[in-house]
Amino acid sequence: MEIRVRTAPSPTGIPHIGNTWSALFNFLFARKNKGKFILRLEDTDRERLVPESVAKIYETLHWLGLDYDEGPDIGGSFAPYIQSERKEIYRQYADELVKKGIAYEDNGAIRFKTNKEGKTGWVDLAGNKTIEFDNSTQEDFVILKSDGFPTYHLANVVDDHLMKISHVIRGGEWISSVPKHIMLYQAFGWELPQFVHLPLLLGVDKSKLSKRHGAKSVLEFRQEGYLREALLNFMALLGWSPPSGREILTLEEMINEFDLKDINLASPVFDVKKLEWLNGEWIRKLTIENLQLRIWEYLDKKYPQELIEKTIPLVRERIKKLSDYMNLAGFFFEEPKIEKGQFGNLALGHLKEALKVMEESEWQLDKLQDFLLKIVEKNKFKTGDFFMSLRLALTGQRVTPPIVESMVILGKEKTLARINRAVNL
RNA sequence: GGCCCUGUAGUCUAUCGGUUAGGACGCGACCCUUUCAAGGUCGAGAGACGGGUUCGACUCCCGUCAGGGCUACCA
């Protein structure tokens, strides 16, 4: 049997870590099992619909590299993956149940008549355990709303069946609705898919991650300078741990190791500190060329790539997010603001001495290093103070990349000019 | 309230009855060091509670408690 899974977001808001996380697990499962990963838009709630969010859903999935094999924006046939365009199909199925006497009309809506006897249960593949509900707890539920649109329950079951979904992998908030779904499958005489209910991703306040509780959109993380690799890596480690125990994994490695049996059922809490650490790890893992490209693009391609590239070895160990780059390396691109008040009493002496030798020095790291260290020795300067004076004159900041290396990149002309400027403040 | 899911350090997790309960983030200390990082070493820190079952429970069972989800003509 072919493995077919889907991620079925409803375009009622921008995709956040929570729903994207379950999309990732669907994706990993599909790729691992050589199956199909499908995108379906569940836009049956016309009141909460946010039209722009459709494009955001595509953008998020594309940015992360969670490429789907079937979906609304690929292939010639759009309608099958957008529920609002399948209204008539759901109506027909609802009518069928009415004819069979399993559903009935109620104030313009159609309600499913649940069987109150016995129990309904299934084996959930997350945790491989049976979950069972007493049918007496299941009330008659609406399957077709009075506006003619189906509810989640009907649309979901019909589409999953029609699209031959083999595994329904979704958030645990759906567990209590499964009996309704099973009853629908049975009413239609359809085969059940496998159910896999992931734990719920929790925010720091320990409640379900949602837009209302301030869940940030995935695109916002990109805006803040996080790498797709880090975000993916971070999400994968929530509720899942690879048998190898590795913490840093590429998408490819996650796919290789992925197995439903390694899903942990306790609801994980999103901890941004670990994301930051992972992002730093990934920044250091990228090649210089690649990191240069990311930074260049992140900064809207405003700065010369050659210069960015030269600075990478100096900054890659010092930034956790792409957005940290300009804070640290901005002085390479723009004249820093410096104020007299920043400098200590000895600074003038430091800078004047430095100027003397630097004008004669060859502009190479080892040469400059030698000359500068000799000044320190000769004048009995305190090494740290001396270099801090240079640092401030050149960058206007106390925290910077290694300063002599920075001077080499900055070039003789700019370096001397900035020091002169500081001396004449 | 009812039903359901879950319960190992602040956080993410390993453990498939026998371990000094392992790793990671974060935190602290030290080393390295011209700032800040990165890196290295060391350290503090966990089985919710109570009963069983067993020679032996974090692990299995029951209860309690706690957290969460659902309880909509929202998904």
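Everything numeric in this text was worked out from a predicted model, so none of it was measured.

This paragraph deals with the packing of helix α10 (residues 288-298) against helix α11 (residues 305-315). In a packed pair of helices, the relevant descriptors are the angle between the two axes and the axis-to-axis distance. Relative to each other, α10 and α11 sit at 125°, their axes nearing to 9 Å. The orientation of α10 with respect to α11, classified from their angle, is oblique. When you trace α10 past α11, the crossing you get is right-handed. Along the contact surface, α10 presents I288, E289, L291, Q292, L293, I295 and W296, while α11 presents Q305, I308, E309, I312 and P313.

Counted under the stated rule, the structure contains 26 salt bridges. Notably, a salt bridge pairs E96 with K100, separated by 3.4 Å at the nearest N-O pair. Taken together, the residues E96 and K100, both in helix α3 (residues 87-100) and four residues apart, mark about one turn of the helix. The shortest N-O distance in the salt bridge between D262 and K261 comes to 3.3 Å. A residue is classified by how much of its surface remains accessible, and K261, at 60% relative accessible area, is exposed.

The next subject is the protein's contact with RNA strand B. As a structural note, the neighbourhood of RNA strand B is formed by 60 residues, with D45, K145, G239, E317 and R318 the closest of them. When atoms of RNA strand B within 4 Å of the protein are sorted by moiety, sugar and phosphate together comprise 71%. R318 places a polar side-chain atom, nitrogen or oxygen, 2.6 Å from a base oxygen of RNA strand B. Looking at the surface near RNA strand B, the elements that each hand over two or more residues are β4 (109-112), β6 (129-134), α9 (272-285), α15 (383-395) and α16 (403-410).

The next point concerns the sheet that holds strand β3 (residues 103-106). The strands making up a sheet associate through backbone hydrogen bonding, with each pair oriented either parallel or antiparallel. Strand order across the open sheet formed by three strands is β3-β4-β7, with antiparallel pairing between neighbours. Of all the strands in the sheet, just β3 and β7 (141-144) have a single pairing partner and so form its edges. With strand direction ignored, the average angle separating the axes of adjacent strands in the sheet is 45°.

Counting through the fold element by element, V404 comes out in helix α16. Considered as a pair, V404 and G148 are 256 residues apart in the sequence and their alpha carbons are 71 Å apart. Setting aside its immediate chain neighbours within four residues, V404 contacts L365, L368, Q369, L372 and F387.

On to the layout of surface pockets, then. When its volume is computed, the largest pocket comes out at roughly 1200 Å³. Lining the largest pocket are 43 residues; nearest its centre among them are P9, S10, N19, E173 and W174. Elements that contribute at least two residues to the lining of the largest pocket include exactly β1 (4-7), α1 (17-32), α2 (52-64), α4 (152-162) and β8 (167-171). Counting residues per element, the lining of the largest pocket draws most heavily on α1, at six residues. Of the residues assigned to the lining of the largest pocket, the class counts are 17 nonpolar, 16 polar and 10 charged.

Moving on to the confidence of the model for chain A. Looking at chain A as a whole, the pLDDT averages 95, with 98% of positions reaching at least 70. Predicted as a complex, the structure gets a pTM of 0.95 and an ipTM equal to 0.95.

In β1, alternate side chains face the same way, and those of R4 and R6 on one face and V5 and T7 on the other are all buried. Handedness of the β-α-β unit built from β1, α1 and strand β2 (residues 36-39) comes out right-handed.

The next thing to look at is the domain arrangement of chain A. According to the domain assignment, chain A consists of domain 1 (4-198), domain 2 (211-281), domain 3 (287-332) and domain 4 (340-424). Centre-to-centre separation of domain 3 and domain 4, based on C-alpha positions: 23 Å. Facing 10 residues of domain 3, the contacting portion of domain 4 comprises 13 residues. By the criterion of area lost to domain 4, the three top residues of domain 3 are L314, F331 and F332, representing 62% of everything that side buries. Our enumeration of links across domain 3 and domain 4 arrives at zero salt bridges. Here domain 3 is connected to domain 4 by two residue pairs in polar contact (both at pLDDT 80 or more).

One broad trend across soluble globular proteins is that nonpolar side chains are buried collectively. With 104 residues, the main nonpolar core has M358 and L372 as its most contacted residues. Tallying contributions element by element places α1 first for this core, with nine residues. When residues no more than four places from it in sequence are discounted, the contact partners of M358 are W363, L368, L372, M407, K412, T415, L416 and I419. Counting residues in each nonpolar core, the second largest holds 30 residues, with Y90, W122, M163 and M183 among its members.

Of all eight residues in α16, six are buried; the element is thus mostly enclosed. Along α16, the residues classified as buried are I403, V404, S406, M407, I409 and L410. Among the structural elements, α11, α13 (347-360), α14 (365-379), α15 and α17 (412-423) are those in contact with the buried residues of α16.

Another point: unusual backbone geometry. Positive phi values are uncommon outside glycine, yet K34 reaches one of about 55°. Within the secondary structure, K34 is located in the loop between α1 and β2. Taking relative accessible area as the criterion, K34 reaches 72% and is therefore assigned exposed. With a phi close to 55°, K164 is a non-glycine residue in the positive phi region.

What counts and how
- Residues numbered from 1 in each chain as written.
- Chains lettered and ligands numbered in written order.
- Predicted model: local features only at pLDDT ≥ 70, side-chain atom pairs only at ≥ 80, totals over all residues.
- Heavy atoms only, no water.
- Axes fitted to C-alpha atoms, helices over the stretch in contact; angles between N-to-C directions.
- Helix = DSSP H or I, 4+ residues; strand = E, 2+ residues; numbered from the N terminus.
- Parallel < 35°, antiparallel > 145°, perpendicular 65-115°, else oblique.
- Left-handed = near helix turned anticlockwise from the far one by under 90°.
- Contact = heavy atoms within 4.5 Å.
- Salt bridge = Lys/Arg side-chain N within 4 Å of Asp/Glu carboxyl O.
- Buried < 20%, exposed > 50% of the residue type's maximum accessible area, 1.4 Å probe, protein only.
- Near = heavy atom within 4 Å.
- Polar contact = N/O pair within 3.5 Å; in protein donor to acceptor, adjacent residues only side chain to side chain.
- Pairing = 2+ DSSP bridges.
- 1 Å grid on protein atoms, 1.4 Å probe; cavity = no way out; pocket = protein on both sides within 12 Å on 5 of 7 lines; lining within 4 Å.
- Points joined across faces, edges and corners; volume = space filled by probe spheres on them.
- Nonpolar A, V, L, I, M, F, W, Y, C, P; charged D, E, K, R; others polar.
- pLDDT = per-residue confidence, 0-100.
- Right-handed = clockwise from strand over helix to strand, strands pointing away.
- Domains from an automatic or database assignment.
- Buried area = accessible area lost by both parts, 1.4 Å probe.
- Core = buried A, V, L, I, M, F, W, Y, C linked by side-chain atoms within 4.5 Å.

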